[in-house]
Amino acid sequence: MSRVLLTGGSGFIAAHILESLLSHGYSVVTTVRSEQKGQQILDSHKQCGKDKLDFVVVEDIMRPGAFDSAVVSEPPFEAAIHCASPYHFNAKTHDEIHHLITTAVEGTTGILKAIKAHAPSVKRVIITSSYAAMVDYGKPLTHIYSETDWNPITQEQAYSSAPFAYLASKTFAEKAAWAFVENEHPNFTLTTINPPMVYGPVIHSLPNLESINTSNARFVSLLKGSPSTPCPPTVNYLFVDVRDLATAHVLALEKPEAENQRFLVTAGNYSNAEIAQVIGEEYPEYKGRMPVGEALKSGERPPTGVNGYDNRKSIEVLGMQYRTLKESVVGVVESIKGML
């Protein structure tokens, strides 16, 4: 039974990666920021003994040496999945933006340094990057994106707005990871998984809907809205189901062809208007809350076209089979409707 270190185990995406790892027979140790978060994970997996699932507290991933003890295990780790990175658009001031970017970059390089120094048994490292590290707003929206694309964002642009700060955090963190491998020649190979918008069931501990993850927040807006409430703008017209994203991480661990590769992991195009349509069709009790007419237009696909994409590499190398938008939407609503 291979042992895997998973960072950020209490988050939306990492919770699904944890489930996928366990179902594939791996032994997992996950990092969390507090004993309470770790205990919540254990409590929801009472069928797993400490040999199958455990946690280690890493309070601040920015702290030098934060992962030094976390990467040491008995039996030793054979792989690591780094999923702990901030995803929000709340960084407004210079200091807040600096903290967001630094957390992403130093958290990524910090775990790579720790593995190289203290966990020579680790042969594979998978990092949850993002489509944000690929998108180039200087190109037409319909540009066909693939693993060869990089976001050209600069340090100066990073400090211009909260959305740009997030784009920069993911871009700079992934570039730092590839630079580490190139310059430090560690024992492990690197694979990055680059998803766009991620939707699907919420399975991690959620105290209230106000604390729902950023991508799924639009569902709460729709489900609490009215026919005249403007549909949230879509912005990024590519999505992937979180369950498929989790599978992609595990497949990347297992397939030699995935070593030292990037993967654009997406099911394809969608819009928020289409999400509203699916909710109305599948849940008659919420149909009256969905935007209609003029209110719906703000969430529709623009007539000029939407994000192009080429996801063939994920299908051909990883063997991905993607869920539909309907499956993702139903997954979200089923998981949160009891909290509405």
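Figured I'd write up the structure that's included with this text. (Residues numbered from 1 in each chain as written. Predicted model: local features only at pLDDT ≥ 70, side-chain atom pairs only at ≥ 80, totals over all residues. Heavy atoms only, no water.)

**Concerning the sheet that holds strand E8 (residues 197-199)**
Under the convention used in this document: Strand pairing requires that DSSP identify at least two bridges connecting the strands. Here a helix means four or more residues in a row that DSSP labels H or I, a strand means two or more in a row labelled E, and each is numbered from the N terminus. Any pair of residues with heavy atoms lying within 4.5 Å of one another is described as a contacting pair. Lines fitted to the C-alpha atoms define the axes, with helices restricted to the stretch that makes contact. Angles between their N-to-C directions range from 0 to 180 degrees.
Spatially, the three strands line up as an open sheet ordered E8-E9-E11, and their pairing is mixed. Strands with a single pairing partner mark the edges of an open sheet, and in this sheet they are E8 and strand E11 (268-269). Pairing of E8 with strand E9 (residues 238-241) involves three bridges; the strand directions are parallel. Each bridged residue has a counterpart across the sheet, and for valine 198 the counterpart in E9 is valine 240. Against the sheet, helix H12 (residues 325-336) engages E8 and E9, with an angle of about 65° to E9.

**Quick look at the pairing of strand E3 (residues 53-57)**
Selection criterion: Here the term right-handed applies to a crossover when the path leading from its first strand over the helix to its second strand runs clockwise, the strands being oriented away from the viewer.
As paired elements, strand E2 (residues 27-32) and E3 share five bridges and run parallel to each other. By the bridge assignment, valine 32 is partnered in E3 with valine 57. As for the winding sense of the linkage, the β-α-β connection from E2 through helix H2 (residues 35-43) to E3 is right-handed.

**Thoughts on unusual backbone geometry**
Glutamate 74 connects to proline 75 through a cis peptide bond whose omega is 0°. Structurally, proline 75 is set in the loop between E3 and strand E4 (79-82). Positive phi outside glycine occurs at histidine 185, with the angle close to 50°. Residue position: histidine 185 is located in the loop between helix H5 (162-184) and strand E7 (189-194). Phi is positive for asparagine 260, which is not a glycine, with a value near 55°.

**A short note on the sheet that holds strand E10 (residues 261-264)**
Read from one edge to the other, the open sheet built from seven strands follows the order E3-E2-E1-E4-E5-E7-E10, with strand pairing classed as parallel. At either margin of the open sheet sits one strand with a lone partner, and together these are E3 and E10. The mean angle between the axes of side-by-side strands here comes to 20°, regardless of whether they run parallel or antiparallel. Along the sheet, helix H7 (residues 242-254) makes contact with strand E1 (3-6), E4, strand E5 (124-128) and E7, crossing E5 at roughly 160°.

**A word on helix H1 (residues 12-23)**
Heads up, the condition is: Expected span of a helix: the number of residues minus one, times 1.5 Å.
Across its 12 residues, H1 extends 17 Å between first and last C-alpha, which sits within 8% of the 16 Å expected from 1.5 Å per residue. Once H1 ends, the next one or two residues include glycine 25, with phi positive near 90°.

**A short note on the pattern of salt bridges**
What counts here: A side-chain nitrogen of Lys or Arg and a carboxyl oxygen of Asp or Glu constitute a salt bridge if their distance falls within 4 Å. Throughout, exposure labels follow a simple rule: accessible area from a 1.4 Å probe, protein chains only, divided by the maximum for the residue type, with under 20% read as buried, over 50% as exposed, and the rest as partly exposed.
Applying the stated criterion across every chain yields a total of 14 salt bridges. Its salt-bridge partner being aspartate 54, residue lysine 50 comes within 3.9 Å of it at the nearest N-O pair. Close ionic contact of lysine 297 with glutamate 294 constitutes a salt bridge, the shortest N to O distance being 2.8 Å. In this pair, lysine 297 and glutamate 294 are both assigned in helix H10 (residues 294-297), three residues apart and thus about one turn of the helix distant. Judged by its relative accessible area of 49%, lysine 297 falls in the partly exposed class.

**Structural notes on the environment of aspartate 60**
Our working definition: Residues adjacent in sequence count toward polar contacts only when both atoms are side-chain atoms; beyond that, a polar contact is any pair of N or O atoms within 3.5 Å, and within protein one must be able to donate a hydrogen and the other to accept it.
Mapped onto the elements, aspartate 60 comes out in the loop between E3 and E4. Spatially, the C-alpha atom of aspartate 60 lies 8.9 Å from that of threonine 103, the residues being 43 residues apart in sequence. A polar atom in the side chain of aspartate 60 sits 3.0 Å from the backbone nitrogen of methionine 62.

**Some words on the pairing of E5**
Across the five residues that make up E5, a large majority, five, are buried. Judged by which residues are buried, E5 turns out to be covered on both faces: Arg124, Ile126 and Thr128 on one side and Val125 and Ile127 on the other are all buried. When E4 meets E5, the two strands line up parallel, connected through four bridges. Of the residues in E5, the one forming a bridge with alanine 80 is valine 125. Pairing geometry for E5 and E7, over five bridges, is parallel. Counted as the bridge partner of threonine 128 is isoleucine 193 from E7.

**As for empty space enclosed by the protein**
We count it as follows: Using a grid of 1 Å spacing that covers the protein atoms alone, one calls a set of points a cavity when a 1.4 Å probe fits there but cannot get out, and a pocket when the set is open and has protein on both sides within 12 Å along at least five of seven lines; lining residues are those with an atom within 4 Å of a point. Grid points are joined across faces, edges and corners, and a volume is the space filled by probe spheres set on the points. Under the scheme applied here, ten amino acids are nonpolar (Ala, Val, Leu, Ile, Met, Phe, Trp, Tyr, Cys and Pro), four are charged (Asp, Glu, Lys and Arg), and all others, including Gly, are polar.
Counted under the stated rule, the structure contains one cavity of 30 Å³ or more. Approximately 70 Å³ is the volume attributed to the largest cavity. Every element with two or more residues in the lining of the largest cavity is listed here: E5 and H5. Here the lining of the largest cavity gets three residues from one element, more than from any other, and that element is H5. By residue class, the composition of the lining of the largest cavity is two nonpolar, five polar and two charged.

**Looking at the nonpolar core**
Worth spelling out the cut-off: For this analysis, a nonpolar core means a set of buried residues of the types Ala, Val, Leu, Ile, Met, Phe, Trp, Tyr and Cys, connected via side-chain atoms within 4.5 Å.
By size, the foremost hydrophobic cluster in this structure holds 63 residues, and its most contacted members are Leu21, Ile275, Ile279 and Ile336. The greatest single-element share of this core, amounting to eight residues, is contributed by H7. Apart from residues lying up to four places away in sequence, isoleucine 275 is in contact with Tyr199, Arg218, Phe219, Leu222, Tyr270, Leu325 and Val329. Among the nonpolar cores identified, the runner-up in size contains 24 residues, and Phe77, Val122, Ala177 and Trp178 belong to it.

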